[in-house]
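An overview of the molecular structure
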Amino acid sequence: MNRPVDMAASLDLGLAWQNRFASLGEAFYTLLSPTALPAPHWVGTSPAVADLLGLDRAWLASPAALDAFTGNLPIAGAQPLASVYSGHQFGHWAGQLGDGRAILLGEVDSPAGPQEVQLKGAGLTPYSRMGDGRAVLRSSIREFLCSEAMHALGIPTSRALCVTGSPAPVRREEIETAAVVTRVAPSFIRFGHFEHFSHSGQHAQLRTLADFVIDHFYPACREATGNPYAALLEAVSARTAEMVAQWQAVGFCHGVMNTDNMSILGLTIDYGPFQFLDAFNPGHVCNHSDTGGRYAYNRQPNIAYWNLFALGQALLPLMDDQQQALDALEPYKAHMPAALQRRMNAKLGLDRVEDGDAELTESLMKLMAADAVDFTIFWRRLSHVAAEISVRAEPVEALLPDRPELVEGQAQGEQGQVRDLFLQREAFDAWATRWRERLQGQPGFDASATQARMLRTNPQVVLRNHLGEVAIQRAKQGDFSELARLQNALERPFEAIAGHDDLAAFPPDWASQIEISCSS
Ligand code: AMP
Ligand code: MG
């Protein structure tokens, strides 16, 4: 089944390739080459990811790089392959899936450790099933921007080096054009890889895979007392809890939390119909194809547990009994809410979690939901209010009305009073009084330091759907300047940048009409 790779005329990128995944053996993948695309052009590049890989930034702009990252030129030292995995999709066992359009070039040695480099949308593989092996420009831009945005927000994620486009037509609901995203992560191994070897009874390969993941990414599990695979499950649960807590705190909905889209490293991967919340709605469903609302914003922590349970089930052949898996999963139930509360406390300017903080947060979220308050703008405005809280008790109303024009460079959305975001102003004032008292009660409370910390925690710019949409529409017309401007802002999401006001403003009315589905 393995196609030979023609390495004649291959391009030397000057990188040290390791190809550790390829060393796992043929049961794990099919060797193959990307399928070329006609007339490629640049869409976007990330110099920061070039630095991560040790690629020369100037070279990244070259025609050779354009060809290489479109899949049109073999790369010396790389060993391209598509891996096989399975998974549960929307709660149902889907059987064998695999890299249907992503091709792993191999792993590049970097100062941050080996990094897998994948071309997504680089052509058919044996796992393409009914698909065409391609990705469209629209979804590739969204994945590129969101990868770099999440990284800048400090959320564990795969990265994106570049996107190239081609006029080659791709059929979705309508005819679109092809693109390739070069994405990068220490590993793209998914829960679904484990499910694949477990459910197909290939238990020797299951053990090989688990050992590979432990040796390279979770070495402490080898030293842990008890079963190392149970230790792995617990460690993956902990990382997943931290990741999902960060999603919740920033208002990120993944949209397709199928087990084949869950990273074994606790990274956010496979960006598809994701969305950052505009107005706060806990039940928000961002994926138009998710008619049952399985992946609604407020269900993400439970769905992550469901997925971890599926991973636990897949690992059972390597454990002594079922109880070992259940015990390994148990800590998630406390870890997840604790991690989330820690994040919410940071958003509120509180350093330590105390009794009553969960209630303080929940009552705020209820008010925000009832009044459909803009999730991102709320936290920025609240951050500014913190600066005006004195160490003395003072009625909160005293610091709310008639605030002067805010600091120079502060974005439109941030100007104005936080209480104006609410219809139930008195209820918000009452909440704000409790919040202020809780802040003032912190030993050594310092208002401006608190404000500064909150502004570093609560982003000004997130990849709202409509911002991506504007960049995509321009890109479809061959103008990539809006994409570059947005990327620039997303790379520094906590900073007020001159000329970026509109990116931090309220969404326009048409934003709520955007329908993002699984089609990508
Ligand atoms: P996703 O939900 O996008 O992560 O994709 C689920 C599965 O379908 C994965 O195995 C993908 O590789 C595969 N897939 C999605 N889109 C395509 C496509 N256009 N061509 C081939 N395979 C695809
Ligand atoms: Mg996927």
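None of these values were measured; they are calculated from a predicted model.

Moving on: the coordination of the magnesium ion (ligand 2). Looking at the magnesium ion (ligand 2), one finds its protein donor set to be Asn261 (OD1) and Asp270 (OD), positioned 2.0 to 2.1 Å from the metal centre. For the residue pair Asn261 and Asp270, the accessibility class agrees, reading buried in each case.

So, about the packing of aromatic side chains. Tallying each qualifying case throughout the model produces 21 aromatic pairs. Centroid distance Phe28 to Phe197: 4.5 Å. Interplanar angle 45°. Geometry classified as tilted. Note that Phe28 is positioned in the segment before strand 1 (29–31) and Phe197 in helix 5 (residues 191–199), a separation of 169 residues in sequence. Residue classification places Phe197 among the buried residues on the basis of a relative accessible area of 0%. With 6.0 Å between their ring centres and 85° between their planes, Phe280 and Tyr297 make a pair best called edge-to-face. With Phe280 in the loop between strand 12 (275–276) and helix 9 (300–315) and Tyr297 in the loop between strand 12 and helix 9, this pair connects stretches of sequence that are 17 residues apart. Take Phe280 and Tyr297: they sit in the same class, and that class is buried. In this structure an aromatic cluster arises from ring pairing among Phe280, Tyr297, Phe375, Phe378, Trp379, Phe422, Phe428, Trp431 and Trp435. Note that Arg142 overlies the ring of Phe274, its terminal NZ or CZ placed 4.1 Å from the centroid.

A separate point is the domain arrangement of the chain. Taken as a whole, the chain is organised into domain 1 (3–188), domain 2 (204–273 + 288–342) and domain 3 (350–455). For the pair domain 1 and domain 2, the summed buried surface comes to about 2,500 Å²; carbon and sulfur atoms form 65% of the total. If you sort the residues of domain 1 by the area they bury against domain 2, His88, Phe90 and Pro156 come out on top, with a joint share of 24%. Counting the contacts that link domain 1 with domain 2 gives one salt bridge.

The environment of ligand 1 is made up of 17 residues, and the closest members are Gly98, Gly100, Arg129, Gly133 and Asn261. Notes on ligand 1: free accessible area 470 Å², of which the protein chains cover 82%. Looking at the shell around ligand 1 residue by residue, the class counts come to two nonpolar, seven polar and eight charged. Both domains that furnish three or more residues to the shell around ligand 1 are identified here as domain 1 (3–188) and domain 2 (204–273 + 288–342).

A separate point is helix 4 (residues 137–152). Taking 1.5 Å as the rise per residue, helix 4 with 16 residues should run 22 Å; its terminal C-alpha atoms sit 23 Å apart, in good agreement. With 14 of its 16 residues buried, helix 4 lies for the most part within the structure. Among the residues trailing helix 4, Gly154 stands out with phi positive, at a value near 80°.

A separate point is the environment of Gln300. Structurally, Gln300 is set in helix 9. Using a relative accessible area of 0% as the deciding quantity, one classes Gln300 as buried. Once the C-alpha coordinates of Gln300 and Met365 are considered, the two residues, 65 residues apart in sequence, prove to be 16 Å apart.

Let us look at the pairing of strand 9 (residues 159–171). Here strand 9 lies mainly inside the structure; ten of its 13 residues are buried. As paired strands, strand 2 (residues 41–45) and strand 9 are joined by four bridges and run antiparallel to one another. Counterpart to Thr45 in the pairing with strand 9 is Cys162. For strand 9 and strand 10 (residues 175–185), the ladder comprises nine bridges, and the chain directions are antiparallel.

Per the counting criterion, the structure on display carries zero disulfides. Its sulfur unpaired, Cys146 is 10 Å from the next cysteine sulfur, which belongs to Cys286. Unpaired in terms of disulfides, Cys286 finds its nearest cysteine sulfur in Cys253, a separation of 4.7 Å.

A few words on the side chain of Ser110. Looking at the secondary structure, you find Ser110 in the loop between strand 6 (102–108) and strand 7 (115–120). Within the local environment of Ser110, its side chain forms a polar contact with the backbone oxygen of Gly113, the two atoms lying 2.7 Å apart. When neighbours within four sequence positions are excluded, Ser110 is seen to be in contact with Leu52 and Gln115.

Attention shifts here to the packing of helix 10 (residues 322–348) against helix 12 (residues 375–386). One can describe the packing of helix 10 onto helix 12 by two numbers: an axis separation of 9 Å at closest approach and a directional angle of 55°. When the axes of helix 10 and helix 12 are compared, the pair comes out oblique. Residues Met344, Lys347 and Leu348 of helix 10 form the contact with helix 12, whose own contacting residues are Phe375, Trp379 and Leu382.

Now for the confidence of the model for the chain. Of the residues in the chain, 94% have a pLDDT of 70 or more, and the chain-wide mean is 94. pLDDT under 50 marks residues 1–5. Its contacts with residues more than four places away, or in other chains, come to 13 contacts. Predicted confidence is poor over residues 401–409, with pLDDT under 50, and the contacts of this stretch with residues over four places away or in other chains come to eleven contacts.

What counts, and at which threshold
Residues numbered from 1 in each chain as written. Chains lettered and ligands numbered in written order. Predicted model: local features only at pLDDT ≥ 70, side-chain atom pairs only at ≥ 80, totals over all residues. Heavy atoms only, no water. Donors = N, O, S within 2.8 Å, 3.2 Å for Na, K, Ca; no water. Buried < 20%, exposed > 50% of the residue type's maximum accessible area, 1.4 Å probe, protein only. Phe/Tyr/Trp six-rings, centres within 6.5 Å; stacked < 30°, edge-to-face > 60°. Helix = DSSP H or I, 4+ residues; strand = E, 2+ residues; numbered from the N terminus. Lys NZ or Arg CZ within 6 Å of the ring centre and 35° of its normal. Domains from an automatic or database assignment. Buried area = accessible area lost by both parts, 1.4 Å probe. Salt bridge = Lys/Arg side-chain N within 4 Å of Asp/Glu carboxyl O. Near = heavy atom within 4 Å. Areas by Shrake-Rupley, 256 points an atom, 1.4 Å probe, with all protein chains shown as cover. Nonpolar A, V, L, I, M, F, W, Y, C, P; charged D, E, K, R; others polar. Expected span 1.5 Å × (residues − 1). Pairing = 2+ DSSP bridges. Disulfide = S-S within 2.5 Å. Polar contact = N/O pair within 3.5 Å; in protein donor to acceptor, adjacent residues only side chain to side chain. Contact = heavy atoms within 4.5 Å. Axes fitted to C-alpha atoms, helices over the stretch in contact; angles between N-to-C directions. Parallel < 35°, antiparallel > 145°, perpendicular 65-115°, else oblique. pLDDT = per-residue confidence, 0-100.

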